[in-house]
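Listed here are the chains, written in short residue letters.
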Amino acid sequence: KKGAAVGPGLFFIIPCIDTIQVVDLRTVSFDVPPQEILTKDSVTVSVDAVVYYKIINPFASVCAVTNADRSTRLLASTTLRTILGTKTLQEILADRENTGAEILTQLDVATDPWGIRVERVEVKDVRLPQQLQRAMAAEAEAAREARAKVIAAEGEQKASRALKEASEIISESPSALQLRYLQTLTQISAEKNSTIVFPLPIELMKSFNK
């Protein structure tokens, strides 16, 4: 009436001339159906989202658009597809908050003439093809194996350096070699096995070397 909404409260209408259309001013949420999207790096993914909006101008939501709710839903689907089509798969998976903020900005600007304010947009789920999931799992496993080999190689390198230093120390002191020999015998005898050891003096072995 008179270019604006009426109510709440008591008001009168003229039958057969005036019509009533009730507008809910509460926040409304809806799910965006899964959209098949081709990303910037040519990967097909299925993405769905949830949108929260609120009507702030009931007069515009009735007079500026035929069906505000349906129009907002359709616009949310196309905006989701448009925004995600400009991003790579890594950006979609790692930066959902920024993606949701971009969708919210464009959607809010487009629905502003309809008297609708978009309050929040959240990307719910990103579904990848089974072949791509297996390929990513194989790539991650190969990367873990490569890191394990590098760590093992570094450990071997450090162990060889330690053995070199130990051999230099033992070569400088004959008594250290004798003590190491006795320690090895102690370790062997501690185990329950049938190993038979015949200790030989190291001086005897030196005479054979001469």
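Our subject is the structure listed above.
Values in this document were obtained by computation on a predicted structure and should not be read as measured data. (Residues numbered from 1 in each chain as written. Predicted model: local features only at pLDDT ≥ 70, side-chain atom pairs only at ≥ 80, totals over all residues. Heavy atoms only, no water.)

K.L.:
Before we move on, can you summarise the side chain of Lys-87 with the specific residues and values?
P.N.:
You can see Lys-87 is positioned in the loop between helix H2 (68-84) and helix H3 (89-94). Take Lys-87: its relative accessible area is 9%, and that puts it in the buried class. Looking at Lys-87, its side chain comes within polar contact range of the side chain of Glu-102, at 3.2 Å. Lys-87 has contacts with Thr-39, Lys-40, Ile-92, Asn-98, Thr-99 and Glu-102, leaving out every residue within four places of it along the chain. (Helix = DSSP H or I, 4+ residues; strand = E, 2+ residues; numbered from the N terminus. Buried < 20%, exposed > 50% of the residue type's maximum accessible area, 1.4 Å probe, protein only. Polar contact = N/O pair within 3.5 Å; in protein donor to acceptor, adjacent residues only side chain to side chain. Contact = heavy atoms within 4.5 Å.)

K.L.:
Please give an account of the pattern of salt bridges that cites residues and values.
P.N.:
In total, this model carries 8 salt bridges according to the counting rule given. One salt bridge in this structure joins Asp-48 and Arg-127, with 3.9 Å as the shortest N-O distance. Of this pair, Asp-48 sits in strand E2 (residues 44-55) while Arg-127 sits in strand E3 (residues 116-127), and the two are 79 residues apart along the sequence. Of the residues examined, Asp-48 reaches a relative accessible area of 9% and is grouped as buried. Close ionic contact of Asp-125 with Arg-127 constitutes a salt bridge, the shortest N to O distance being 3.5 Å. In this structure Arg-127 comes out as partly exposed when scored by relative accessible area, which is 38%. (Salt bridge = Lys/Arg side-chain N within 4 Å of Asp/Glu carboxyl O.)

K.L.:
Before we move on, could you go through helix H4 (residues 96-111) and cite the residues and values that matter?
P.N.:
With 16 residues, H4 ought to run about 22 Å at 1.5 Å a step, and its terminal C-alpha atoms sit 22 Å apart, in line with that. Three or more residues of H4 are buried, namely Thr-99, Gly-100, Ile-103, Leu-107 and Thr-111. Viewed end-on, H4 has its buried residues packed into an arc of 95°, placing them on one side of the element. Turned more than 90 degrees from where H4 packs its buried face, Glu-97 and Val-109 sit exposed. The elements touched by buried residues of H4 are E2, H2, H3 and E3. (Expected span 1.5 Å × (residues − 1). Arc of directions from axis to C-beta.)

Function cannot be inferred from these measures alone, as they are strictly geometric.
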